[in-house]
Structures are given as structure tokens and as C-alpha cells.
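# Structural overview
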Amino acid sequence: MSQNLSAALPELKGRSQWVDARARLLRNRAAMASIVILGIIVFLAMFAPLLSPYAYDEVNYDLISCAPGWWPFEAMCTAPGNIFGTDAIGRDIFVRVLYGARVSLAVGLVATIVSLVIGVLYGATAGYLGGRIDDLMMRVVDVLYSLPFIFFVIILMVVFDRNFILLFVAIGAVEWLTMARIVRGQTLSIKQKEFIEAARAAGVGPFSIITRHVIPNVVGPVVVYVTLTVPTVILMESFLSFLGLGIQEPLTSWGVLISDGADQMETAPWMLLFPALFMAVTLFCFNFIGDGLRDAMDPKDR
Amino acid sequence: MTAYAIRRLLGAIPTLFVIITLAFFMMRAAPGGPFDMERRLPPEIEANLKAAYDLDKPLIQQYAIYLSKAVQGDFGPSFKNKDFTVAELIGNGLPVSAKLGLWAMGLALLIGISLGIWAALRQNHWQDYSVMTVAMLGITIPTFVTAPLLTLALGMYGITLFGLEFTLPVGGWNGGAWRNMVLPVTVLALPQIAIIARLMRGAMVEVLRANYIRTARAKGLSAGRIVLAHALRAAALPLISYLGPGLAALLTGSLVVEQIFGLPGIGRYFVQGALNRDYTLVMGVVICYASLIIVLNFLADIAYAILDPRVRLK
């Protein structure tokens, strides 16, 4: 009898919190549109060399600071072949914006991953071990919090002579503090749960418990914070570039392009417009995705 | 409270020590020195110069000398700006930076709080969405884009208000005249306005749903009184904890703003000093900024405890 009944009922599938969260995210139009736009920008950046007949460092002295062909305002000269116009030494802005996207997005991602790894491990360790070690580790975070970090990044860039790899690491090393605090807070509540006690009873070591049981369970808030860290890092890179401490010519980033464009804003506004537009749209997208993820995973504020 | 304050201020000493040590050794690790020039100095002169500034001694000894002098408030002479001590340079620059920063923070708080409250009261209406979209723009567009745009709009072409044409100076300090302050302060305040408006809206939305607000409404209090006297106090808490990081962000922003508008603040000294290997100047500015941040964080914590009776400082 009972066998018949269970066969007659459709199988009930439990909905995990992740399925729910994904459904809520898919309904969030701003976040979904952001994901699509971001995808397009990433695609453009990846296939930049194929999308433009010009190289990013190709100088053309016949087309100096020329407006794109469709530019509706008055301009000194127009370059119909360059859809975003050309810069002060006749390089194509379109392909340079895409190459800038490569650098800016790479800095954003790598620095965020650096901060993610350090922050999550540090926070989870402090939270899990607790007691005096926790106090000490968090005290270190507090001290570092009160450092004027931008100064240390600037000094680092001076010390290592604008080393590109170091730019990633330096920014990542600055951004991990908040991550560590978030993860520690989460860990403190998770370690009271029964499955941790079970693991400990089964003889699993602290390191395995942290990596196998604690970290997978703090993913939610961490993902939200990661999407909000990427735009911060992109902004910071552009800020360093503006001060002349970023990536060096002929390679470029959005920050470099924007600061070049700002110099020539009156005579060649397209030099500022397009990189600024790309960067602002990208930052917008990341922020919307972050907000969307937060609402999806923690719907209490809706 | 007094015991807490004393302990916090004592706790600042190791923090400052860490900062000084890090900055000192990082700066010295940079290739090149303060006396590298286009034209190389004769070796004897260079040796004499180095001896005069103790640069010929071992690094550890230099560090000890610097530390013992810094404790007594002597931050040494600037290597590049001859005839000036670091203390004099900071003494000249700090009032400029502080004036900029305080006006910007004041403006940001005033406008940001008002916008945030307005958005919260009209939650999920077009007013809310437009304020939040503009706020997002303010966060995502960097200072060094808004600065030239505003300069172009208000400085070069000028605006006509009530039949009077305004053209603002595009740079320079001019002794802190308000005309020179308008553009840099606005540029500096914009991202802060955006962040504060978002924080304020979030906190206000939550507080307005609380039971004690319903009680106040049931008592028949006016909407203005409910918001300003009852809700604002609770909703201001996240704002207070933001003040510390917010001020740090203002300092960072002032690096760019001072550079763009050519203002004689300490942010500019820092960037130039780092590029010129002006060791003492860089150290002085770092110490100055770090102390500022520490003190302001401390004040923010005290303010937090005063506003929120649940917080006990011990």
C-alpha cells in the first residue's frame, strides 16, 4: 500500500537555497542585463586583435586627434576608418579601449583573487581557531585598517618601478582586510554547527575542517563582496594610472586612456568619452550584479 | 569611557610605529636617491651631501636616528624643497587640505543624508530609483573624469544664473577664496555624496519599519518630527562607522584633486615626494595622514557609543 502511494506521487525535489537564489537572480532584470553587457565587453576585450584592422600601438601621423567619421560636432579632422576616432599620435581609440579593457579587467580579477585567497584563509583560520589567536589575528587586521593604504601602494609602485605583476599583488594585498572580517564573522557562527562537531569527532584535522567544511559554507557573502571588490580595484588601478604610476606605454589601461583624454578634452573629447564610457558601464555592471546577488542570497530587505 | 579613550590612544602608538617602520624601509628600498639628477654631482660633493643628511650611515642607524628625532617632533629637512623643513611644508599644506576635506565632507553629509532620507521615504517610487541611479553614477565615475568635465562646464564656458555670468577659476588656491574652492570641493564631495546617500537610504528603510516608528506615528507626531527626531538617530549609526573609511577616501581623492587643480595641499607633496625620493617629506606626510585617520576613527567610535546606548566601550 505504502509502496503504491509513493509511486503514485511525483517525486518531491527539495529546493536548495542555491536554486532559490538563482531563481531570484534570474528575475532581477538589472543584474541579468549587467551580466549580458559585461559578457559583451569581455568578449570584445578577448578578441580585440581580430575586431580592428589597426594594432593598438600603430602610429599614424596623418590622423592626429581626428574625430570618428560619424562625429556630429565640429572637429579639426575626421578619420572615417576609426569608429572611436584617433589619439594625439594617430592611434585608433577603439582598439586601444579594448586593450585597455584587457588590462583593467585583468587587474580587477587577479587582484580580487589575491585578496580572496588571503582574506578567506585568514578570516576562516582566525574565526575557527578562536580565542587568543583570533584576538591577535584580528588585532593585526585592525592595525592594518588604519594604515593609509593608498600611500603604501604608491610607494610600492615607486619601489618596484611600476612592475605590472606587482600592481596586482599590491592592490590585492590592500583589499583582503574586509574579506577577512566578513569570513571570520561567518565562520564564528558556522563552527557552532553540528556538522563541524561531527567532523571533529571523526578525527578530521583543523586545516581540513577549515578548507573542506568551513570555507564552502561562507561562499554566499564572499561572492557578493567579490563582485563589489572588482570595481573598486579597477577604480584604484585607474587612479594610480592617473598619477602616472600605472601601466606604461604603449600598453594601456582605461585609467591611462582617461587621463590622456582628460588632457585633450577641449580639442578631442572623444579621447575621454569612450574609455570613460566603457569603464563607467563596466563598474555599473559589477555593482548591479553585486546588489542583485546580495538580494538573491539574502532576501530580507526586499 | 575615559579609561577606554586612554587605552585607545595608547593603542595608537604601536600602530604609528608599524606605519613609520613600513614606510621608512619601503621608501629606502626604492632605486635611486634624493640627489640623483640629470647632471651627476661630483663624487666628493655627493659624499658630503650624504654625510650632511646621515645618508652614509647604515640603514638601521639611519632608522634609529629618524625615529628618535621624530619622537621629539623633528621630521627633518626636505631633501628637494631646499630651505624648508618637512614640518614647515606640512604646516603650510595641511590647512589647505583640511579646509578642502572638511568642506567636502560637510557638503557630502548635508546632501547625501537629505537625498538618502528622501529616497527612503519614497522607497520603490521613481524618486527612489532616480536618486539611487545617480548615486551609482557618482560612485562609478572617477574623480579625474568629473574634475575636467566640471572644469569645462563651469570654468571655461561659465554658467549664467539670474542674468549674471559666473566663470569659476579652473585652478590655483588664491588664499582659499571661495571661488577657487567651489570646483575642487564639489569634485571631492560627489563620490561621498553618492556613498552616503546609499548608506542613509538603506538604514532609513530598515528603521522606518521598526515598531517604535509605528508608535510615534500612532501618537500622531508629524512626519518631519518622526524622521528627524526618531528615525535619524538610529539610521545615522552605519553612517558614523563609515566616517572613518570615508575620510580616508577623501584623503585619497584629495591626492588627485590637488594635482588637477594645482592646490598647495599635502597630497601633492606626497606624490611629488615619492617620485623624487624625498624620503623625509614622504615620511612626514604618511605620519600626518595616519595620525589623522587614527584620531578620526577614534572620534567616530566615541560618537557611535554616544548615539547608541547599547554599545558599551570598555
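Since the model is a prediction, treat every value here as computed from it, not as a measurement. (Residues numbered from 1 in each chain as written. Chains lettered and ligands numbered in written order. Predicted model: local features only at pLDDT ≥ 70, side-chain atom pairs only at ≥ 80, totals over all residues. Heavy atoms only, no water.)

The secondary structure content of chain A amounts to 13 helices and two strands. Its C-alpha atoms put chain A at 85 × 55 × 30 Å along the principal axes. Across the 302 residues that make up chain A, the buried fraction comes to 48%. Taking the contacts inside chain A whose residues are at least 6 apart along the sequence as the reference set, 72% of them involve residues at least 24 apart. For chain A, the accessible surface area stands at approximately 14900 Å², while carbon and sulfur atoms represent 63% of it. (Helix = DSSP H or I, 4+ residues; strand = E, 2+ residues; numbered from the N terminus. Buried < 20%, exposed > 50% of the residue type's maximum accessible area, 1.4 Å probe, protein only. Contact = heavy atoms within 4.5 Å. Areas by Shrake-Rupley, 256 points an atom, 1.4 Å probe, with all protein chains shown as cover.)

Let's shift gears to the overall build of chain B. Secondary structure summary: chain B contains 12 helices and two strands in total. Shown N-terminal to C-terminal, the secondary structure of chain B runs as helices and strands in the order α-α-α-α-α-α-β-β-α-α-α-α-α-α. For chain B, the spread of C-alpha atoms along the three principal axes comes to 85 × 60 × 30 Å. Residues classed as buried in chain B amount to 45% of the 314 residues present.

The next thing to look at is the packing of aromatic side chains. Scanning the entire structure with this criterion turns up 11 aromatic pairs over all chains. Between B:F24 and B:F25, the ring centres sit 5.2 Å apart and the planes meet at 80°, which makes this aromatic pair edge-to-face. Taking relative accessible area as the criterion, B:F24 reaches 1% and is therefore assigned buried. Note on B:F25: relative accessible area 28%, which makes it partly exposed. In this structure, A:R102 packs its charged tip against the face of A:Y99, placed 4.8 Å from the ring centre. (Phe/Tyr/Trp six-rings, centres within 6.5 Å; stacked < 30°, edge-to-face > 60°. Lys NZ or Arg CZ within 6 Å of the ring centre and 35° of its normal.)

Take a nonpolar patch on the surface next. Residues and elements named next belong to chain A. On the surface, V42, F43, M46, F47, L50 and L51 cluster together into a nonpolar patch covering about 580 Å² of accessible area. Sorting elements by how many residues they give to the nonpolar patch places helix α3 (residues 29-46) first, with three residues. On the secondary structure map, V42 appears in helix α3. Judged by its relative accessible area of 34%, V42 falls in the partly exposed class. (Patch = residues over 30% accessible without salt bridge, like charges linked within 9 Å, V, L, I, M, F, W, Y side chains within 5 Å. Salt bridge = Lys/Arg side-chain N within 4 Å of Asp/Glu carboxyl O.)

Take unusual backbone geometry next. A positive phi is found at B:N124, a non-glycine position, where the angle reads about 65°. Its place among the elements puts B:N124 in the loop between α4 (86-121) and α5 (126-140).

Listed per partner, the contact involves 42 residues of chain B and 34 residues of chain A. Summed over the shared surface of chain B and chain A, the result is one salt bridge. Put simply, A:D291 and B:R198 hold a salt bridge, and the shortest N to O gap is 3.4 Å. At the boundary of chain B with chain A, the tally comes to one residue pair in polar contact (both at pLDDT 80 or more). (Polar contact = N/O pair within 3.5 Å; in protein donor to acceptor, adjacent residues only side chain to side chain.)

Counting 108 residues, the largest nonpolar core has A:I154, A:L243, A:W254, B:L255 and B:F270 as the members making the most contacts within it. In terms of residue count, helix α13 (residues 270-297) of chain A provides more of this core than any other element does, 13 residues in total. Residue contacts for B:L255: discarding those within four places in its chain leaves A:I150, A:F151, A:I154, A:F239, A:L243, B:G267, B:F270 and B:V271. The next biggest cluster of nonpolar side chains, apart from the first, holds 36 residues, and it includes B:M105, B:V185, B:I226 and B:F261. (Core = buried A, V, L, I, M, F, W, Y, C linked by side-chain atoms within 4.5 Å.)

Turning next to the layout of surface pockets. Residues and elements named next belong to chain B. Considering only enclosed or pocket space, the second largest pocket measures out at about 360 Å³ in volume. Lining the second largest pocket are 19 residues, and of these G101, L102, M105, L247 and L296 sit closest to its centre. Contributions of two or more residues to the lining of the second largest pocket are made by α4, α10 (237-261) and α12 (279-307). In terms of residue class, the lining of the second largest pocket is built from 14 nonpolar, five polar and no charged. (1 Å grid on protein atoms, 1.4 Å probe; cavity = no way out; pocket = protein on both sides within 12 Å on 5 of 7 lines; lining within 4 Å. Points joined across faces, edges and corners; volume = space filled by probe spheres on them. Nonpolar A, V, L, I, M, F, W, Y, C, P; charged D, E, K, R; others polar.)

Residues and elements named next belong to chain A. Secondary-structure assignment places R91 in the loop between β2 (78-79) and α5 (93-129). The exposure class of R91 is buried, given its relative accessible area of 7%. Every residue in contact with R91, bar those within four places of it in the chain, is listed here: Y56, D57, E58, V59, G85, T86, R96, E249 and P250.

It is worth spelling out the packing of helix α11 (residues 219-242) of chain A against α13(A) at this point. Residues and elements named next belong to chain A. Between α11 and α13, whose axes approach to 8 Å, the crossing angle comes to 165°. By the angle between their directions, the pair α11 and α13 is classed as roughly antiparallel. The crossing of α11 and α13 is left-handed. Across the interface between the two elements, G220, V223, V224, T227, L228, V230, P231, I234, L235 and S238 from α11 touch M279, T282, L283, F286, N287, I289, G290, L293, R294 and M297 from α13. Of the residues in the contact of α11 with α13, the class split is 13 nonpolar, six polar and one charged. (Axes fitted to C-alpha atoms, helices over the stretch in contact; angles between N-to-C directions. Parallel < 35°, antiparallel > 145°, perpendicular 65-115°, else oblique. Left-handed = near helix turned anticlockwise from the far one by under 90°.)

To continue, consider the side chain of A:N287. In this fold, A:N287 is placed in helix α13. Leave out the neighbours within four places in its chain, and A:N287 touches A:L228, A:P231, B:M136 and B:T140.

Turning our attention to helix α9 (residues 223-235) of chain B. Residues and elements named next belong to chain B. Its 13 residues place the ends of α9 only 16 Å apart at the C-alpha level, less than the 18 Å of an ideal helix rising 1.5 Å per residue. Buried within α9 we find I226, V227, A231 and A235. Tucked inside the fold, the buried residues of α9 contact α4, α7 (178-208), α8 (211-218) and α10. (Expected span 1.5 Å × (residues − 1).)

Let us look at the environment of A:M46. All names here are of chain A. Tracing the chain through its elements places M46 in helix α3. For M46, a relative accessible area of 52% gives the class exposed. For the pair M46 and P80, spaced 34 residues apart in the sequence, the C-alpha separation amounts to 24 Å.

This brings us to the confidence of the model for chain B. Keep in mind that low pLDDT regions are not for reading the predicted coordinates in detail. Of the residues in chain B, 91% reach a pLDDT of 70 or more, and the chain-wide mean stands at 81. With pTM at 0.78, the complex prediction returns an ipTM value of 0.73. (pLDDT = per-residue confidence, 0-100.)

Moving on, we get to empty space enclosed by the protein. Residues and elements named next belong to chain A. Tallied over the entire structure, the rule returns one cavity of 30 Å³ or more. Of the voids in this model, the largest cavity is the one considered here, and its volume is about 50 Å³. What lines the largest cavity is simply Y54, E58, N60, L63, N82, T86, G90, R91 and D92. Of the residues that constitute the lining of the largest cavity, the class distribution is two nonpolar, four polar and three charged.

Residues and elements named next belong to chain A. Positionally, P216 belongs in the loop between α10 (206-214) and α11. Sequence spacing of P216 and F195 is 21 residues, and the spatial spacing of their C-alpha atoms is 13 Å. Excluding anything up to four places from it in sequence, P216 contacts I210 and T211.

Now for the pattern of salt bridges. Residue and element names in this part refer to chain A. Summed over the entire model, instances satisfying the criterion amount to three salt bridges over all chains. For R184, the salt bridge is made with D134, and the minimal N-O distance between the two is 2.7 Å. Residue R184 is located in helix α8 (residues 164-190), and its partner D134 is located in helix α6 (residues 131-145); the two are separated by 50 residues in the primary sequence.

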